[in-house]
Each structure stands twice: as C-alpha cells, then as structure tokens.
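Residue-level listing of the chains:
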Amino acid sequence: MTSAKIIDGSQIARDLSSRVAADVAAFTSSTGIVPGLATLLIGEDPASEVYVRNKRTAVVAAGMADLHHHLAADVSQSAIAALIAELAADGTVSGILLQLPLPSGFDSAALINLIPAQKDVDGLTTLSAGLLARGVPGLRPCTPTGVMTLIDSTGINLDGATAVVVGRSELVGGPMSRLLLERNATVTVAHSHTRDLESVTTRADVLVVAAGRPGLIGVNHIKQGAVVIDVGIHRTDHGLVGDVRFDEVRERAGWITPVPGGVGPMTIAVLMANTLAAARMQAGLPT
Ligand code: NAP
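Our subject in this report is the structure included herewith. (Residues numbered from 1 in each chain as written. Predicted model: local features only at pLDDT ≥ 70, side-chain atom pairs only at ≥ 80, totals over all residues. Heavy atoms only, no water.)

Some details on helix α10 (residues 263–282)
Next up, step 1: With 20 residues, α10 should reach 28 Å at 1.5 Å per residue; the first-to-last C-alpha distance of 29 Å fits that figure.
Next up, step 2: For α10, the full list of buried residues reads V263, M266, A269, V270, L271, M272, N274, T275, L276, A277, A278 and A279.
Next up, step 3: Contact partners of the buried residues in α10: α1 (9–31), β2 (36–42), α2 (46–61), β4 (95–98), α6 (142–153) and β8 (227–230).
Next up, step 4: A positive backbone phi angle near 80° is found at G284, which sits one or two residues after α10. (Helix = DSSP H or I, 4+ residues; strand = E, 2+ residues; numbered from the N terminus. Expected span 1.5 Å × (residues − 1). Buried < 20%, exposed > 50% of the residue type's maximum accessible area, 1.4 Å probe, protein only. Contact = heavy atoms within 4.5 Å.)

Thoughts on the site of the ligand
Next up, step 1: Neighbouring residues of the ligand: 22 residues in total, closest R168, S169, H191, S192 and T267.
Next up, step 2: Between an oxygen atom of the ligand and a side-chain N or O atom of R168, the distance comes to 2.7 Å.
Next up, step 3: Out of a free accessible area of 930 Å², the ligand has 71% covered by protein chains.
Next up, step 4: In terms of residue count, the dominant contributor to the shell around the ligand is α10 (three residues).
Next up, step 5: For the shell around the ligand, the class distribution of residues is nine nonpolar, eleven polar and two charged. (Near = heavy atom within 4 Å. Polar contact = N/O pair within 3.5 Å; in protein donor to acceptor, adjacent residues only side chain to side chain. Areas by Shrake-Rupley, 256 points an atom, 1.4 Å probe, with all protein chains shown as cover. Nonpolar A, V, L, I, M, F, W, Y, C, P; charged D, E, K, R; others polar.)

Comments concerning the packing of α6 against helix α7 (residues 173–182)
Next up, step 1: It is at 9 Å that the axes of α6 and α7 come closest, and there the two elements cross at 45°. The angle between the axes of α6 and α7 places the two elements in the oblique class. With respect to the hand of their crossing, α6 and α7 are arranged in right-handed fashion. Residue-level contacts link P144, T145, V147, M148 and I151 of α6 to P175, M176, L179 and L180 of α7.
Next up, step 2: Broken down by class, the residue content of the contact of α6 with α7 amounts to eight nonpolar, one polar and no charged. (Axes fitted to C-alpha atoms, helices over the stretch in contact; angles between N-to-C directions. Parallel < 35°, antiparallel > 145°, perpendicular 65-115°, else oblique. Left-handed = near helix turned anticlockwise from the far one by under 90°.)

With respect to the nonpolar core
Next up, step 1: Core analysis: the largest hydrophobic core is formed by 45 residues, its most contacted members being V147, I151, L180, V208, I229, V231 and M272.
Next up, step 2: Among the secondary structure elements, those contributing two or more residues to this core are α1, α2, α6, β5 (162–166), α7, β7 (206–209), β8 and α10.
Next up, step 3: Sorting elements by how many residues they give to this core places α10 first, with ten residues.
Next up, step 4: Apart from the residues within four sequence positions on either side, V208 is in contact with V147, I151, V164, V165, V166, M176, L180, I229 and V231. (Core = buried A, V, L, I, M, F, W, Y, C linked by side-chain atoms within 4.5 Å.)

Pasting the structure below:
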C-alpha cells in the first residue's frame, strides 16, 4: 500500500502570497491606491498578539498599509464600535479585522456586524454569511477559502464528488460546506450529535475535519484514496497536532495535509488576497 501524497500548504501559501504581492503592485501602480488592512487587537491575549503580529507582517510583505489599533482590555464596547465606524468611513482602510476572541464581557457578534460587507476581509458578518449562502459574490471566510485552494491543488474534480465536513461552526465548518456545495460536491456536515461518525466519513472522497478535537479521526474513518484536510490545530507537549491522526490516516488516504504546514499558512495568505479584493471592490474594479 502506498502512503498519501502530502499537500504542502506552506508552499501553496507562499505561491499565493507572491501572486497577491504582484497583484497589489499592479493595482497600486494603475490606481494610485495602496490597499490597507486595519487590525484591531483588544487586550493582551498572547496567542492573539502572535496572530495579529503575523498578519501585520504579511500585510507589509504584500506591499499593503499596516493600519493597526491596539486597545486596552478595559475599553468600552461603545469605544470599539466608534473606532469600527471611523474605519468603515475611512477611504484609506480597505479591510477591517477584529481579532477574536475578545476578552470576556464584549458582544463580539454585534461589533463584527458593524464592519461593512465590502471591508469584511474575514467574511464573518451576518451579511457576508448571507451572501455566501445565496451564492452572491462577496468576501468569504479565509480558512475555508484556503482549504478550497488546497483541495484544488490535488486535481480532484469536486463536481459530483462526496464531501464530508466534520464541524459546523460559523468560522470554519459552516462556510466550508457552502463553498463545497457551490462547486457541486454532494456535501454532508457532521457535528457533535452525529451518530456513527465512521459510517459518515468513510463515504467521503473529500474529508474536511474542523472539530477542534485532537486525534478524532483515525484510519477507520477514511475511504481509500480520499483527500483529507485537517483544519484542527492543538498545542501539546509533543508539538502541534491536528484533529487527524496523521501517521495512520496517511496509509489509507490519497492526499493529506500535515499539521503544521497545511491549512494554517493558507489562512493568512487568503486574508491578504481578501484585502486586495476589498480594495478592488471599493475602487469599482472586478475581483
Ligand atoms: P468550534 O467552533 O469549536 O466548532 C467545532 C465543531 O466541531 C462544532 O460544530 C462541533 O459540533 C463539532 N464537533 C466537536 N466535537 C465533535 C465530534 N466528536 N464529532 C463530530 N463533530 C464534532 O471550532 P472551529 O472554530 O470551527 O475550529 C475547529 C478547529 O480548527 C480548531 O482546532 C481550531 O483551532 C482550528 N482552526 C484552525 C484554523 C487555521 O487557520 N488552521 C483556523 C480556524 C480554526 P457542534 O456544532 O454540535 O458543537
């Protein structure tokens, strides 16, 4: 039996990032506009600080403007709302990203929904989710969009393929299932109430796992030759692990993403692509 081919998310993300940087340069030279990403970090959560730092570094590397705002954890909900309103009206701001989770006590959904759809580079507002549900063009959530690029890199024809998504969150599983459906896959969504998960996942030509449960998926969940995408990411004493038991699953899958180096790097690369797409939309250009 041969072992699965590895989907090299790091390389695919690097390729996407260089294409975005070239497109930003062309956009700026033809319009005079430098796309700008406003990142909002509230409080001092160390993991959020790292995520925001990585996003800001990528913004600069892509030739875009890094418009960062760091507010103390004791800021009021209305002060954050006022800042989002200001950024929404500011023509130099192409995209607005509110880093989640917020410290306790804030209504994140209410704040996210203040971001205009054209600047919603995370694709998380109710309006953006509605556009996706209706198949209307708009900015799509970064992680599921990145997963679609990884699936496409395998060359699999999604039209009519059986796809299973484990997880139904607003951030990952929910939009993931809609993106796969848009491509005419036959999509099943599994979640924590699903009975006999193995019988569902073993039907999948494409299996996307976003359950947030380390090692949930083993070889017995896999159809021979399937494309397996592991969105999960967990810090353990043995390093980063995903929701998929990589070493056993790779013996039956056709393609598999590693953790780290699979889905993770794609998320930031797509955020950069979304920021450029937002700037193009605001300039009245096709995306
Ligand atoms: P989440 O909001 O906790 O959602 C988890 C989903 O998985 C829920 O829909 C839940 O079902 C389902 N689930 C939980 N246990 C299950 C089980 N035993 N069997 C089947 N389904 C189960 O998590 P998330 O935000 O979607 O993130 C999922 C994972 O992806 C996390 O590990 C997160 O760290 C990772 N992530 C990675 C990236 C990246 O860039 N690499 C980005 C985002 C997230 P219910 O709806 O029934 O509760």
